[in-house]
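Residue-level listing of the chains:
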Amino acid sequence: MKALTWQGTNDLSVEQTPDPAIRNEQDAIVKVSQTVTCGSDLHLLGGYIPFMRAGDVLGHEFVGEVVETGPRVERHKAGDRVVVCSFISCGRCWYCKQGLFSLCDNGNTNPGITEHLWGSAPGGCYGYSHALGGFAGSHAEYIRVPFADQGAFPVPDALDDTTALFASDSAPTGWMGADLGGVKPGDVVAVWGCGAVGQMAARAALLLGADRVIAIDPFRRPTGRPTRPRRRGPAG
Ligand SMILES: [Zn+2]
Ligand SMILES: [Zn+2]
């Protein structure tokens, strides 16, 4: 299959990569129909997150169709349309039982890296370096979804893919920002940053009853030329 791969700092290319296969009984394989770039991907692109390897597939927000399931997947079957949570969690460990899914003890297959760096290990995340499990990301034709009963959610027929897509990351992340900010009815709320998460935070603030939301971001007039020369790899 084709996938968008990280080759080095500020160097991405679409390459032919191996098709994913069921590796565990709770895996599903999803044919990706839509996948988006998150602000967090810029940290990988800029080389700020170590533990990327050349050829790693990016992407952690996606929606698609289940094409294959492992023998212990009960809630999904081939043909189902699903939106998948960015973080990989098992649903059964102590952290998952507290609802702290991004701290799952079983989602990250390389916990030693972040335990050493940060003092504790978060769960796994698609396409987000070997520090968060080294899982192939969603900027690809197909993706392996571990613990599919836990992390994949059916998309109701009434919702198109684009509407469901942001439930993967941007919408809940923006909601969490507004929630942590303690937004109350009648508030005037400032949101710094007008990317996908900032826009979702602004909408979440309105849903929580904010009277007015002020979104703040620098405006740069397009210059018509790239800020740094593009390096061309063998794939062009
Ligand atoms: Zn994200
Ligand atoms: Zn867990």
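Owing to the predicted nature of the structure, the values given are computational and were not obtained by experimental measurement. (Residues numbered from 1 in each chain as written. Chains lettered and ligands numbered in written order. Predicted model: local features only at pLDDT ≥ 70, side-chain atom pairs only at ≥ 80, totals over all residues.)

**Concerning the overall build of the protein chain**
Across its full length, the protein chain carries 7 helices and 12 strands. Computed over the C-alpha atoms, the radius of gyration of the protein chain is 19 Å, within 12% of the 18 Å expected from 2.2 N^0.38 for a compact globule of 236 residues. C-alpha extents for the protein chain along the principal axes are approximately 50 × 45 × 40 Å. Burial statistics for the protein chain: of 236 residues in total, 39% are counted as buried. Residue pairs at least 24 apart in sequence account for 67% of intrachain contacts in the protein chain once pairs closer than 6 positions are excluded. (Helix = DSSP H or I, 4+ residues; strand = E, 2+ residues; numbered from the N terminus. Rg over C-alpha atoms; globule rule 2.2 N^0.38 Å. Buried ≥ 20, exposed ≤ 12 C-beta atoms within 10 Å, placed from the backbone. Contact = placed C-beta atoms within 7 Å.)

**Overview of the domain arrangement of the protein chain**
Examined at the domain level, the protein chain breaks down into domain 1 (2-168) and domain 2 (169-236). Measuring from the centre of the C-alpha atoms in domain 1 to the corresponding centre in domain 2 gives 22 Å. Ranked by the residues each element gives to the side of domain 1 that touches domain 2, the list is headed by strand 2 (residues 11-16), at 4 residues. Considered class by class, the residues forming the side of domain 1 that touches domain 2 number 4 nonpolar, 6 polar and 3 charged. (Domains from an automatic or database assignment. Nonpolar A, V, L, I, M, F, W, Y, C, P; charged D, E, K, R; others polar.)

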